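# Reading the structure
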Amino acid sequence: MTEWKLRVVLCDLVLAIVINTSAMLIGGAPMEPVAWYTGVACAFFTNVVVQLVLPVPLIGQYAGKLFSNDKVRLAVSVFVENLVFVTCISLTMAFLQAGGRPVIDVWLQTYGYLVIIGYITSLILASIPQK
């Protein structure tokens, strides 16, 4: 389980905003304030629930331990964590936005882009020095 600190919550919020906004823009959803806010809230909630159920940081650390170079280890660890979070968040968003279309089709329409966008966002967040 994740150790809850203000930094973790703020990173979760940033990731929720970035992933939801990107999904809406890529998927062609109207950027109405109510839909956007609801999507961000859902993405944030999904991210928190995933952290309560899965030891995502630990999974990322184990994946990173396969590499001896510190930079590669960090990049792999962040990628694996991001992959878990973005997969869960984007699949949840696809369920909400499918509107009668096949959910997997809706999900795959944005998934690859969201993994890349989420990874870049996560690398930036990981590079911010901790106090």
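This write-up is about the structure you can find in this document. Just so it is clear, the model here is predicted, and its values are computed rather than measured. (Residues numbered from 1 in each chain as written. Predicted model: local features only at pLDDT ≥ 70, side-chain atom pairs only at ≥ 80, totals over all residues. Heavy atoms only, no water.)

## Side note on the overall build of the protein chain
A tally of regular secondary structure across the protein chain gives 5 helices and 0 strands. Scaling as 2.2 N^0.38, a compact globule of 131 residues should have a C-alpha radius of gyration of about 14 Å, and the protein chain matches this with 15 Å. Principal axes of the C-alpha set define a box for the protein chain whose edges measure 45 × 30 × 25 Å. Looking at the protein chain residue by residue over its 131 residues, the buried ones come to 35%. Of the roughly 7,800 Å² that the protein chain leaves accessible, carbon and sulfur atoms contribute 72%. Within the protein chain, the 6 negative side-chain charges are centred at a point lying 11 Å from the centre of the 7 positive side-chain charges. (Helix = DSSP H or I, 4+ residues; strand = E, 2+ residues; numbered from the N terminus. Rg over C-alpha atoms; globule rule 2.2 N^0.38 Å. Buried < 20%, exposed > 50% of the residue type's maximum accessible area, 1.4 Å probe, protein only. Areas by Shrake-Rupley, 256 points an atom, 1.4 Å probe, with all protein chains shown as cover. Lys, Arg positive; Asp, Glu negative; His and termini not counted. Charge placed at Lys NZ, Arg CZ, Asp CG, Glu CD.)

## With respect to the packing of helix α3 (residues 56-64) against helix α4 (residues 70-97)
The geometry of α3 relative to α4 is characterised by a closest axis approach of 7 Å and an angle of 140° between their N-to-C directions. Classed by the angle they form, the pair α3 and α4 counts as oblique. Here the hand of the crossing between α3 and α4 comes out right-handed. Within the contact between the two elements, α3 uses V56, P57, I59, G60, Q61, A63 and G64 and α4 uses R73, V76, S77, V80, E81, V84 and F85. Residues belonging to the contact of α3 with α4 are distributed by class as follows: 8 nonpolar, 4 polar and 2 charged. (Axes fitted to C-alpha atoms, helices over the stretch in contact; angles between N-to-C directions. Parallel < 35°, antiparallel > 145°, perpendicular 65-115°, else oblique. Left-handed = near helix turned anticlockwise from the far one by under 90°. Contact = heavy atoms within 4.5 Å. Nonpolar A, V, L, I, M, F, W, Y, C, P; charged D, E, K, R; others polar.)

## Remarks on α4
For α4, spanning 28 residues, the distance from its first C-alpha to its last is 39 Å, which sits close to the expected 40 Å at 1.5 Å a residue. Within α4, burial applies to S77, V78, V80, N82, V84, F85, V86, I89, S90, M93 and A94. Those residues of α4 that are buried are in contact with α1 (6-27), α2 (33-53), α3 and α5 (103-127). Downstream of α4 by a residue or two, G99 has a phi angle that is positive, lying close to 55°. (Expected span 1.5 Å × (residues − 1).)

## Topic: the layout of surface pockets
Gaps between atoms show up when a probe of the same size as a water molecule is rolled over them. A volume near 800 Å³ is recorded for the largest pocket. In this structure, the largest pocket is lined by 22 residues; those nearest its centre are R7, V8, P57, E81 and Q130. Of all the elements in the fold, those that place two or more residues in the lining of the largest pocket are α1, α2, α3, α4 and α5. Here the lining of the largest pocket gets 6 residues from one element, more than from any other, and that element is α4. (1 Å grid on protein atoms, 1.4 Å probe; cavity = no way out; pocket = protein on both sides within 12 Å on 5 of 7 lines; lining within 4 Å. Points joined across faces, edges and corners; volume = space filled by probe spheres on them.)

## Remarks on the pattern of salt bridges
Going through the model one piece at a time under the given rule, you end up with 1 salt bridge. Where D70 meets R73, a salt bridge forms, and the shortest distance between an N and an O atom there is 2.6 Å. In this pair, D70 and R73 are both assigned in helix α4, 3 residues apart and thus about one turn of the helix distant. Of the residues examined, D70 reaches a relative accessible area of 56% and is grouped as exposed. (Salt bridge = Lys/Arg side-chain N within 4 Å of Asp/Glu carboxyl O.)

As far as function goes, none of this settles anything; it's purely spatial.
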